[in-house]
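Given next are the chains, with one letter for each unit.
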Amino acid sequence: MFAEELARLDAAGLRRHRRTLDGAQCAHPVVDGKPYIAFCSNDYLGLANHPALIAAAREGAQQFGVGAGASHLVLGHARAHEQLEQQLADFLQLPRALLFSTGYMANIGVVTALLSREDAVFADRLNHASLNDACLLSRAQFKRYAHNDLVQLERLLASTRARRKLIAVDAVFSMDGDMAPVPELVNLAEKHEAWLLLDDAHGFGVLGHRGRGVLEHFNIRHPRVISMGTLGKAAGVCGAFVAGGADVIETLVQHARTYVYTTAMPPLLACALLKSIELIAGGGALRQQLQKNIIQLNQILKEIPFPWRLGPSDTAIQPLIIGGNRAALAVTEALGARGILVPAIRPPTVPPNTARLRISLSAAHTADDIRQLGDALRDAAKALT
Ligand SMILES: *Cc1c(COP(=O)(O)O)cnc(C)c1O
């Protein structure tokens, strides 16, 4: 029975395979023993293998050992976790921040802690899987609106009789790279007395002058906004935070099940993250380099007469939408043969018939890396159509 299902995945070009990284995540990794240029990671600033973070993790292990040994509410909350939460709140200029072990767990924790059966959650159709799962688990009415369709969202908000309302949305959409209309969402939240949960997994560290993320990008601070960001992407380590008003955060400490019922992240990771946030805050040059890389790639891609569609993205995530699953895999394989890794993202991660290459850029890519990617894509477009 499982074997038949797996065979069906194969037949549809939907079976996924892992590659094994021999060494650190970086722009030029060794994968299954071979060197590549990779456009696959969310390590947007190249911090995942940064010497200062490695040193901080090593010192953290000396001071705190390797395991937290308990959940935060029992005796797993180390001085390093406490300092990191304080540093994150200061950096984000929000009243309080709370650490979670992963972004997936943060989203599940927030939505399920804040909502129950009497409530309603409003979600963009292209939201990340973790937000969708969170909304389902919360047992609240789960209303999805078409991507960035504020008219539909407002209609849904106006027609609900729910006790508590939450708009939950990716700030930067993970498979498309475009941004949510955050100022308009804040206005709608205010007008309809809803809360706004922004998943800034792909904005934190990257957007805004100091890298504070989407709220800094749009220059927004609002008491109804709850900000969530991951620490395994631009921050280069692991984990996530939720930040916002003190009452909201204290509610999470009391009720977020993915916070209460799990072992705290190893404190040595909090030590590495303390260093990472410092590098992000002073990381203007890294963000400029990333921006330069985005512009260079955009210029190259615009000039290639693709039979495929380029998504409208100004961020480090650049989707090239191919359509069919096998066709997307064929492009990925053609690039791989030339030593360039770009993942083919297929349903159910993206809607049917929108299989795509998800190109993700890092400050660690060189101009020559991006030129080589452009050449390989130009040749693949010619050869495969
Ligand atoms: C990656 C991601 C998450 C999950 O974060 P992890 O720390 O990897 O669990 C949540 N939301 C979005 C939009 C993401 O891209």
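What counts as what
Residues numbered from 1 in each chain as written. Predicted model: local features only at pLDDT ≥ 70, side-chain atom pairs only at ≥ 80, totals over all residues. Heavy atoms only, no water. Helix = DSSP H or I, 4+ residues; strand = E, 2+ residues; numbered from the N terminus. Buried < 20%, exposed > 50% of the residue type's maximum accessible area, 1.4 Å probe, protein only. Contact = heavy atoms within 4.5 Å. Pairing = 2+ DSSP bridges. Axes fitted to C-alpha atoms, helices over the stretch in contact; angles between N-to-C directions. Parallel < 35°, antiparallel > 145°, perpendicular 65-115°, else oblique. Left-handed = near helix turned anticlockwise from the far one by under 90°. Nonpolar A, V, L, I, M, F, W, Y, C, P; charged D, E, K, R; others polar. Core = buried A, V, L, I, M, F, W, Y, C linked by side-chain atoms within 4.5 Å. Phe/Tyr/Trp six-rings, centres within 6.5 Å; stacked < 30°, edge-to-face > 60°. Lys NZ or Arg CZ within 6 Å of the ring centre and 35° of its normal. Near = heavy atom within 4 Å. Polar contact = N/O pair within 3.5 Å; in protein donor to acceptor, adjacent residues only side chain to side chain. Areas by Shrake-Rupley, 256 points an atom, 1.4 Å probe, with all protein chains shown as cover. Right-handed = clockwise from strand over helix to strand, strands pointing away.

### Considering the environment of G336
For step 1, the next point in the chain: The topology assignment puts G336 in helix α14 (residues 325–337).
For step 2, the next point in the chain: On the basis of relative accessible area, G336 is assigned to the buried category, the value being 15%.
For step 3, the next point in the chain: Note: C-alpha distance between G336 and D368 (32 residues apart in sequence) is 17 Å.

### A look at the environment of L274
For step 1, the next point in the chain: Relative to the helices and strands, L274 resides in helix α12 (residues 267–281).
For step 2, the next point in the chain: Taking the C-alpha atoms as reference points, L274 and V248, separated by 26 residues in sequence, lie 23 Å from one another.
For step 3, the next point in the chain: Look past the residues within four positions of L274 in its chain and what remains in contact with it is A80, Q83, L84 and Q87.

### What to know about the sheet that holds strand β12 (residues 317–323)
For step 1, the next point in the chain: Here we have four strands laid out as an open sheet, ordered β11-β12-β15-β14, and antiparallel in their pairing. Taken across any chain shown, the strands that pair with only one partner, and hence form the sheet edges, are β11 (309–310) and β14 (344–345).
For step 2, the next point in the chain: On the sheet, α14 packs against β12, β14 and β15 (355–360) and is oriented at approximately 35 degrees with respect to β15.

### Examining the packing of α14 against helix α15 (residues 367–383)
For step 1, the next point in the chain: As a packed pair, α14 and α15 sit with axes 10 Å apart at the nearest point and diverge in direction by 130 degrees. Comparing their axes, α15 and α14 come out oblique. Crossing of α14 over α15 shows right-handed handedness. The segment α14 lies against α15, with V331, A334 and L335 engaging L373, A376, L377 and A380.
For step 2, the next point in the chain: Here the contact of α14 with α15 is built from residues that sort into seven nonpolar, no polar and no charged.

### Some points on the nonpolar core
Among soluble globular proteins, nonpolar side chains are generally buried collectively.
For step 1, the next point in the chain: Counting residues in hydrophobic clusters, the biggest one holds 85 residues, and the most contacted among them are I167, F204 and L377.
For step 2, the next point in the chain: In terms of residues, this core owes the most to one element, α12, which gives seven residues.
For step 3, the next point in the chain: With sequence-adjacent residues up to four places away left out, I167 is seen in contact with F122, Y145, L153, L157, L185, A189, A194, W195, L196 and L197.
For step 4, the next point in the chain: Counting residues in hydrophobic clusters, the runner-up holds 27 residues, among them L115, V121, L252 and Y259.

### Considering the packing of aromatic side chains
For step 1, the next point in the chain: Under the counting rule described, the total for this entry stands at four aromatic pairs.
For step 2, the next point in the chain: Against the face of W195 rests R224, its NZ or CZ located 5.2 Å from the ring centre.

### Let's talk about the site of the ligand
For step 1, the next point in the chain: Residues in close proximity to the ligand total 14 residues, the closest being G103, Y104, D199, H202 and K233.
For step 2, the next point in the chain: Within the backbone of Y104, one N or O atom sits 2.9 Å away from an oxygen atom of the ligand.
For step 3, the next point in the chain: Starting from 380 Å² of accessible surface for the ligand in isolation, the protein chains cover 81%.
For step 4, the next point in the chain: Ranked by the residues each element gives to the shell around the ligand, the list is headed by helix α5 (residues 103–114), at three residues.

### Regarding the pairing of strand β9 (residues 225–230)
For step 1, the next point in the chain: Burial analysis of β9 places six of its six residues in the buried class, the great majority of the element.
For step 2, the next point in the chain: The two faces of β9 match: V225, S227 and G229 on one face and I226, M228 and T230 on the other face are all buried.
For step 3, the next point in the chain: With four bridges joining them, strand β8 (residues 195–199) and β9 adopt parallel strand pairing. Of the residues in β9, the one forming a bridge with L196 is V225.
For step 4, the next point in the chain: Pairing of β9 with strand β10 (residues 240–244), which is carried by four bridges, proceeds in the antiparallel orientation. Following the sheet pairing, S227 is matched in β10 by A243.

### Description of the packing of α5 against helix α10 (residues 246–255)
For step 1, the next point in the chain: Closest axis-to-axis distance for the α5/α10 pair is 9 Å, and the angle between their directions is 100 degrees. Relative to α10, α5 is oriented roughly perpendicular. Each of G109, V110, A113 and L114 in α5 lies in contact with α10, whose residues at this interface are V248, T251, L252 and H255.

### Quick notes on unusual backbone geometry
For step 1, the next point in the chain: A cis geometry characterises the amide bond from P347 onward to P348, with omega recorded as 10 degrees.
For step 2, the next point in the chain: Following the sequence through the fold, P348 ends up in the loop between β14 and β15.
For step 3, the next point in the chain: Look at D32: it is not a glycine, yet its phi comes out positive at around 50 degrees.
For step 4, the next point in the chain: The residue D32 is located in the loop between β1 (30–31) and β2 (34–35) in this model.
For step 5, the next point in the chain: What makes D32 exposed here is its relative accessible area of 52%.
For step 6, the next point in the chain: A positive phi angle is found at N148, which is not glycine, with a value near 60 degrees.
For step 7, the next point in the chain: Using a relative accessible area of 24% as the deciding quantity, one classes N148 as partly exposed.

### Thoughts on the sheet that holds β10
For step 1, the next point in the chain: Pairing is mixed across the open sheet formed by seven strands, whose spatial order is β4-β10-β9-β8-β7-β5-β6. Because the sheet does not close on itself, it has two edges, and the strands there are β4 (96–100) and β6 (141–145). Along the sheet, successive strands turn relative to each other by an average axial angle of 20 degrees, direction set aside.
For step 2, the next point in the chain: With respect to the sheet, helix α7 (residues 150–158) is in contact with β5 (120–124), β6 and β7 (165–170), its orientation differing from that of β6 by roughly 155 degrees.
For step 3, the next point in the chain: Its contacts with the sheet place α10 against β4, β8, β9 and β10, and it is angled at close to 25 degrees to β4.

### Focus: the pairing of β7
For step 1, the next point in the chain: Across the six residues of β7, six count as buried, placing the element largely inside the fold.
For step 2, the next point in the chain: For β7 and β8, the ladder comprises five bridges, and the chain directions are parallel. Across the sheet, the residue bridging to V169 is L198, located in β8.
For step 3, the next point in the chain: A crossover connection joins β7 to the parallel β8 through helix α8 (residues 182–191); in handedness this β-α-β unit is right-handed.

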